[in-house]
Amino acid sequence: MSVFQSLSITLDRRSGPPLPEQLRMSIETAIVAGQLPPGARLPSWQDLASQLGVSRGTVKTAYDRLTDAQLIVSAGPAGTFVSDHPPQRPKTTAGVPVSEDPFTLIGLTSPSNPPRLFQLGVPAHDALSTKTWSRILVQAARKAAVKSHTYPDPRGEPILRQQIAASLAISRSLSCREEQIFVTNGFAGALGLIVRALSLEGREGWIEDPGYPLSRAALELCNVRSIAIPVDEEGIDVAYGASIAGHSAFAVVTPGQQAPLGITMSLTRRRALLDWAGTAGAFIIEDDYLGELQLTGRAAPALASLDGAGRVIHIGTFSKTISPTLRLGFVVVPEHLVERFSSIVACLAPASAIATQLAIASFMADGHLMRHLRKLRRLYGERRDIVAAWLDSWPFERQRLQPRVGGLSLLAPLPDEVSDVEIVRRAGDFGLAPSPLSRWYGASGHRKSGLLLGVTNVTPRALEENGGALLKLIWAVA
């Protein structure tokens, strides 16, 4: 009896993932576990199809996926074999990988892949006028070429900082001068700049729980101790944070639309947070996550607009409004920190490419950004309603899921015993990229299970063609 014949492969035709995926997972598990050693010969499509009572197309699809994953190799007429050097899989505990790259924290398989259905953090690929944007990019490149023999301002191009200041005054009720604005390499560059400028290494600070996983990971890499503070219906629980870590050096918050729950921080909670920062001598790092993309009602002013003591540092980006490929963000700092930040950016963190800065400045000055934002709000509102209606039609017998709006996503809660991480892992094989809610929680022990479904690139056709796979995966894991 061959090694393969000794394996037990059971296919569930009534529920669970499609048959090719069930077969692929069974064979992959056997290879990773060592039950199918390197060099082991697999049956032909016809033989295995006959053995399992399925079509040859089902076996072929499973084999093709295993070949793409470099787990098996075809030798033509000689047969199909387990790879001599199959890719190493991370060790797991209770089905959850122990060591992961940062992108798996929010459900992404690779930063280079095109956006997938339900993926968070990417704007609609069909919303931006490529004709207009391409023309502006070409014009900006010509202007940048003229400046190619001079050193650029490390704080960022003056014209862009002027446009940002004007935009913030209108859209975020935040009054600031050009000198207070520093252009950065996206949100990550902004956070790194702040950590350096405020000398936060080795200190402790508050982060929201749940909150953006990559912020937590970035702070840990900078040797900053993150203290998870719960978020309720008014925002971060300031009283709780003050009671357990009142002398912390900073707090990172998303007051406009809390990531990932979509809550707008109440005015009472904002004032409490500002009072705590003033008393403790701490700084508030305001991540203006989706601040300009409030889909219902008027967006709340930026937290920094209420700051009279110089304790709030405001971060904004163009990733969610124009494109994440720009890698362009900005920091607005209080007057008394301008000199310190200027020294840091001049020596360690100068602004990004001039051409991109000039292009965005022109996009803003000509009114394209404001028109684009209006279009996005309408489009995202429609797509959010589509996903909400689709969720409401899910045929769950135990309970009808009560989706919750979370900014540009919808949260589909799951029973805590259901592994949202496992669902997301399997969903990647079907071209889906929901985010597991549990990964947005810190080490507080209050993790909740659920799926965050991005709405920006959802269409009725995509839901019809691929959405059913997510339902089957939930049934299989639950």
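Q: Hey, could you go over the overall build of the protein chain for me, with residue numbers and the actual values?
A: Looking only at helices and strands, one finds 14 helices and 17 strands in the protein chain. Looking at the protein chain as a whole, 51% of its 478 residues are labelled buried. Of the contacts formed within the protein chain by residues at least 6 apart in sequence, a portion of 72% connects residues at least 24 apart. Carbon and sulfur atoms make up 52% of the accessible area of the protein chain, which totals about 22400 Å².

Q: Requested: an account of the nonpolar core, with residues and values cited.
A: Ranked by internal contacts, the top residues of the largest apolar core, which has 67 residues, are Trp133, Trp206, Leu273 and Phe318. Within the second largest apolar cluster, 27 residues are counted, among which are Ala249, Ile313, Ile315 and Ile344.

Q: So what about the pairing of strand E15 (residues 409–413)? Which residues, and what values?
A: Strand residues, when the strand is regular, have side chains that alternate between the two faces of the sheet. Within E15, four of the five residues are buried, which leaves it mostly tucked inside the rest of the structure. Bridging between strand E14 (residues 404–405) and E15 involves two bridges; their strand directions are antiparallel. Bridging across to E15, Arg404 finds its partner in Leu411. From the end of E14 to the start of E15, which pair antiparallel, there are three residues, and Gly407 there has a positive phi angle of about 70 degrees. Alignment of E15 against strand E17 (residues 450–454), held across five bridges, turns out to be antiparallel. Looking at the pairing, Leu410 lines up with Leu453 of E17.

Q: Let's hear about the side chain of Gln257: which residues, and what values?
A: Mapped onto the fold, Gln257 is located in the loop between strand E10 (250–253) and helix H9 (267–280). When its relative accessible area of 4% is taken as the criterion, Gln257 is described as buried. Within the structure, the side chain of Gln257 is placed 2.9 Å from the backbone oxygen of Leu290, a separation counted as a polar contact. Polar contacts involving the side chain of Gln257 include one to the main-chain carbonyl oxygen of Leu293, which spans 3.2 Å. Sequence-distant contacts of Gln257, that is, excluding residues within four places in its chain, are made with Gly262, Ile263, Tyr289, Leu290, Leu293, Gln294 and Gly407.

Q: Hey, could you go over the sheet that holds strand E1 (residues 41–42) for me, with residue numbers and the actual values?
A: Strand order across the open sheet formed by three strands is E1-E3-E2, with antiparallel pairing between neighbours. Each of the sheet's edge strands pairs with one partner strand only, and the pair in question is E1 and strand E2 (72–74).

Q: Tell me about the environment of Thr456, and name the residues and values.
A: Here Thr456 lies in the loop between E17 and helix H14 (460–477). Considering only alpha carbons, one finds Thr456 and Pro115, 341 residues apart in sequence, at a separation of 9.9 Å. Once residues lying within four places of it in the same chain are set aside, the contact partners of Thr456 are Gln119, Val122, Pro123, Ala124, Tyr380, Arg383 and Leu408. Here Asn457 takes part through its side chain, which lies 3.4 Å from a polar atom of the side chain of Thr456.

Q: Give me the lowdown on the sheet that holds E14, citing residues and values where you can.
A: One open sheet accounts for four strands, arranged E14-E15-E17-E16; its pairing is antiparallel. Sheet topology places E14 and strand E16 (435–436) at the edges, where each strand pairs with a single neighbour. Contacts from helix H12 (residues 368–392) reach E14, E15 and E17, with the element oriented near 15 degrees to E15.

Reading the values: the criteria
- Residues numbered from 1 in each chain as written.
- Predicted model: local features only at pLDDT ≥ 70, side-chain atom pairs only at ≥ 80, totals over all residues.
- Heavy atoms only, no water.
- Helix = DSSP H or I, 4+ residues; strand = E, 2+ residues; numbered from the N terminus.
- Buried < 20%, exposed > 50% of the residue type's maximum accessible area, 1.4 Å probe, protein only.
- Contact = heavy atoms within 4.5 Å.
- Areas by Shrake-Rupley, 256 points an atom, 1.4 Å probe, with all protein chains shown as cover.
- Core = buried A, V, L, I, M, F, W, Y, C linked by side-chain atoms within 4.5 Å.
- Pairing = 2+ DSSP bridges.
- Polar contact = N/O pair within 3.5 Å; in protein donor to acceptor, adjacent residues only side chain to side chain.
- Axes fitted to C-alpha atoms, helices over the stretch in contact; angles between N-to-C directions.

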